[in-house]
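Structure assessment
The lines below spell out each chain.
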Amino acid sequence: MKETIAVYPGSFDPITNGHIDIIERSLKFIDRIVIAVTDNPHKKPLFELNKRISIIKNIFKKSTSVEVEIFNGLLVDYLKKKNIFLIIRGLREVSDFNYEFQIVLTNRKFLSRLETIFLMPREEYLFLSSSIIKEIASMNGDVKKFVPEIVAKELKNIYKNR
Ligand code: PNS
């Protein structure tokens, strides 16, 4: 039987429990997910790309349904190369909508067969974002409830040296 594979693109700077919730939800109805990590040129990432990749690989080391890859350039070009035409994205609140709507419509102009499935995370992660996590961690706040242990440790390491 044909496998259903989707790409979950993002900057994951860093990955949060909200992202993980979306990944777990998607695996209820798809067979495999490729987490495609990119440097967003508009944001200055805190974690180097390779670090983000190694963190995510570590988190999912036991899962055979999760792959992690770097992608550069346009998402549509990466998807064509992979021959995958399904995207997973998380949707938290109204403010996400405009941005996501714009991404879907832009990508569709280049790749009309592309479809995006939006999933909503658990209520307690609705407000969560990588930016908020970085802000809390930079002010010595406890982020253990919101990110995997490895991310909390890496954040501590970064900010203790600043
Ligand atoms: O969750 P993020 O970090 O805001 O992810 C945004 C991402 C990476 C999905 C988006 O910026 C993207 O697809 N970037 C690749 C460049 C691209 O294809 N741009 C045109 C469509 S917006």
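These notes cover the structure that comes with them. Predicted, not measured: the structure shown is a model, and the values here were computed from it. (Residues numbered from 1 in each chain as written. Predicted model: local features only at pLDDT ≥ 70, side-chain atom pairs only at ≥ 80, totals over all residues. Heavy atoms only, no water.)

Some points on the site of the ligand
As a matter of local geometry, the ligand sits amid G10, S11, T38, K43, F71, G73, L74, L75, R89, Y99, I103 and N107. R89 is positioned such that a nitrogen or oxygen atom in its side chain is 3.1 Å from an oxygen atom of the ligand. Within the contact set of the ligand, an oxygen atom lies 3.1 Å away from a side-chain nitrogen or oxygen of Y99. Here the ligand loses 77% of its free accessible area of 530 Å² to cover by the protein chains. Among the elements that make up the shell around the ligand, the one with the highest residue count is helix 4 (residues 94-110) (three residues). Within the shell around the ligand, the residues separate by chemical class into five nonpolar, five polar and two charged. (Near = heavy atom within 4 Å. Polar contact = N/O pair within 3.5 Å; in protein donor to acceptor, adjacent residues only side chain to side chain. Areas by Shrake-Rupley, 256 points an atom, 1.4 Å probe, with all protein chains shown as cover. Helix = DSSP H or I, 4+ residues; strand = E, 2+ residues; numbered from the N terminus. Nonpolar A, V, L, I, M, F, W, Y, C, P; charged D, E, K, R; others polar.)

With respect to the environment of I132
Here I132 lies in helix 5 (residues 130-138). Note: C-alpha distance between I132 and V143 (11 residues apart in sequence) is 9.7 Å.

Digging into the nonpolar core
Within the largest apolar cluster, 35 residues are counted, with the highest numbers of intra-cluster contacts made by I15, I23, I35, V37, I56, F60 and L155. Those elements that provide at least two residues to this core are strand 1 (5-10), helix 1 (17-26), strand 2 (32-37), helix 2 (49-59), strand 3 (66-70), strand 4 (86-90), helix 5 and helix 6 (149-160). The dominant element in this core, judged by the number of residues it contributes, is helix 6, at five residues. Excluding residues within four positions of it along the chain, I15 makes contact with I20, I23, I55, I56, I59, F60, V147, P148 and V151. If you look at the next biggest cluster of nonpolar residues, it comprises 13 residues, including F71, V76, I84 and F85. (Core = buried A, V, L, I, M, F, W, Y, C linked by side-chain atoms within 4.5 Å. Buried < 20%, exposed > 50% of the residue type's maximum accessible area, 1.4 Å probe, protein only. Contact = heavy atoms within 4.5 Å.)

Quick look at the pattern of salt bridges
Following the criterion strictly, the structure yields 13 salt bridges and no others. A salt bridge links R32 to E3; its shortest N-O distance comes to 3.2 Å. You can see R32 sitting in strand 2 and its partner E3 sitting in the segment before strand 1, a full 29 residues away along the chain. Here the salt bridges do not stand alone but share partners, grouping D13, D39, R52 and K134 into one network. (Salt bridge = Lys/Arg side-chain N within 4 Å of Asp/Glu carboxyl O.)

Quick notes on the packing of aromatic side chains
Following the criterion strictly, the structure yields four aromatic pairs and no others. Relative to F12, the ring of Y8 lies with its centre 5.2 Å away and its plane at 80 degrees, an arrangement referred to as edge-to-face. Pair check on accessibility: Y8 and F12 agree, each one buried. Just above the ring of F85 sits the side chain of R113; from NZ or CZ to the centre is 3.7 Å. (Phe/Tyr/Trp six-rings, centres within 6.5 Å; stacked < 30°, edge-to-face > 60°. Lys NZ or Arg CZ within 6 Å of the ring centre and 35° of its normal.)

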